[in-house]
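# Report on the structure
So you can see what is in the structure, the chains are spelled out below.
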Amino acid sequence: MTEEENYDDDLDLSSLSDDELVEQMHDDLYDGLREEIVEGTQILLDRGWAATRVLDDALVEGMRIVGIDFRDGILFVPEVLMSANAMKGGMEILRPLLAETGAEPIGKMVIGTVKGDIHDIGKNLVSMMMEGAGFEVIDLGIDNPVENYLEAIDAHQPDILGMSALLTTTMPYMKVVIDTLVEKGIRDDYIVLVGGAPLNEEFGAAIGADAYCRDAAVAVETAQAKMAEKRAA
Ligand code: B1M
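Below, the structure is looked at part by part. (Residues numbered from 1 in each chain as written. Predicted model: local features only at pLDDT ≥ 70, side-chain atom pairs only at ≥ 80, totals over all residues. Heavy atoms only, no water.)

### What about the side chain of Thr-222?
Locating Thr-222 in the fold gives a position in helix α10 (residues 216-232). At 2.6 Å, the side chain of Thr-222 and the backbone oxygen of Val-218 are in polar contact. The residues touching Thr-222, leaving out its near neighbours within four places in the chain, are Leu-193, Ala-211 and Cys-213. (Helix = DSSP H or I, 4+ residues; strand = E, 2+ residues; numbered from the N terminus. Polar contact = N/O pair within 3.5 Å; in protein donor to acceptor, adjacent residues only side chain to side chain. Contact = heavy atoms within 4.5 Å.)

See the structure below:
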């Protein structure tokens, strides 16, 4: 074992300052160390950090760094899967906190990652934040063909249909889903919100969505605004 590895093993996360701990968590996320991420998340919360701050500064920022090295061929799929698993460990601790607003259910959303796409961290985050804002969320998971969305909206009659895509190759599938709703004459029965890193507002408009949501907080704000519009109409 190298001296550095030995140091890491012995590292007492609670002895670090906030800044040092956040930096350490970025490293631990990079290394896919789930237990350490869980511990670091809890320490920051115990120090009075808001759940959204832990999420943004420690977890999402750490994942952004992972994404850069994944893109540049420094990290590969198995390593990024471990990072994703570590991130999910932290998110599990934050989930009840993000969902604990005590708000009355203000609407229902069906959400899923589209066919061919297995990325779910961002979608899960959107689901959590929407639940926290008082929406009932039916999460269809990943890799959803149009049939899954149709079955779910039939079964649950949601106000909102949310779709997530993280790949430039899967984002066009959102249009397949929206076009199918149009063909069936039910497009206007639902507020369609789309999101995912490669999308933008122009794309959202081009495929006929009601809005593109840059992140989970924007998804919540947009959902609330669209629900208010719908109620007023
Ligand atoms: Co993937 N991957 N990946 N990957 N992966 C990206 C997306 C990529 C940008 C990496 C890179 O090259 N820099 C790249 C896509 C390039 C492109 O299409 N232009 C890529 C690639 C290429 C691939 C594979 C093809 C790699 C391969 O096999 N050679 C493969 C594809 C598999 C497939 O889906 N068929 C693949 C696989 C994987 C893993 C399985 C290893 C893993 C996913 C694990 C999981 O999700 N359970 C993975 C990961 C983790 C990433 C990166 C590193 C991180 C994604 C993430 O979780 N971000 C990603 C790089 C990146 O995006 N920086 C990358 C954190 C998350 C909080 O952000 O998902 O953007 P995000 O969600 C945000 C917003 O986008 C928005 O709100 C969220 C929260 O604020 N949002 C919504 C998202 N969905 C929404 C839905 C809404 C509203 C808002 O509905 C209303």
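### Things to note about the site of the ligand
Taken together, 32 residues lie near the ligand, and Ile-118, His-119, Asp-120, Ser-164 and Thr-168 sit nearest. Contact distances for the ligand include 3.5 Å between an oxygen atom and a side-chain N or O atom of Asp-117. In this structure, Ser-164 approaches the ligand through a side-chain N or O atom, which is 2.8 Å from a nitrogen atom. Elements represented by at least two residues in the shell around the ligand include exactly α4 (51-71), α5 (77-98), α6 (121-132), β3 (160-164) and β4 (191-195). Grouping the amino acids of the shell around the ligand by side-chain chemistry returns 18 nonpolar, eight polar and six charged. (Near = heavy atom within 4 Å. Nonpolar A, V, L, I, M, F, W, Y, C, P; charged D, E, K, R; others polar.)

### With respect to the coordination of the cobalt atom of the ligand
What the protein offers the cobalt atom of the ligand as a donor is a single atom, His-119 (NE2), at 2.2 Å. Structurally, His-119 is set in the loop between β1 (107-113) and α6. (Donors = N, O, S within 2.8 Å, 3.2 Å for Na, K, Ca; no water.)

### Section: the layout of surface pockets
Each pocket or cavity is described by its volume, and for the largest pocket that value is around 1400 Å³. For the largest pocket, the lining is made up of 47 residues, of which Met-63, Ile-121, Gly-122, Leu-166 and Ala-197 are closest to its centre. Of all the elements in the fold, those that place two or more residues in the lining of the largest pocket are α4, α5, β1, α6, β3, β4 and α10. Of all the elements, α4 adds the most residues to the lining of the largest pocket, at twelve residues. Considered class by class, the residues forming the lining of the largest pocket number 30 nonpolar, eight polar and nine charged. (1 Å grid on protein atoms, 1.4 Å probe; cavity = no way out; pocket = protein on both sides within 12 Å on 5 of 7 lines; lining within 4 Å. Points joined across faces, edges and corners; volume = space filled by probe spheres on them.)

### Concerning the pattern of salt bridges
According to the stated counting rule, one finds twelve salt bridges in the structure shown. The partner of Arg-71 in a salt bridge is Asp-72, with the nearest N and O atoms 2.9 Å apart. Take Arg-71: its relative accessible area is 62%, and that puts it in the exposed class. Residue Glu-131 pairs with Arg-95 through a salt bridge whose shortest N-O separation is 3.4 Å. Placement of Glu-131 in helix α6 and of Arg-95 in helix α5 is noted, with a sequence separation of 36 residues between them. When its relative accessible area of 29% is taken as the criterion, Glu-131 is described as partly exposed. Using a relative accessible area of 33% as the deciding quantity, one classes Arg-95 as partly exposed. (Salt bridge = Lys/Arg side-chain N within 4 Å of Asp/Glu carboxyl O. Buried < 20%, exposed > 50% of the residue type's maximum accessible area, 1.4 Å probe, protein only.)

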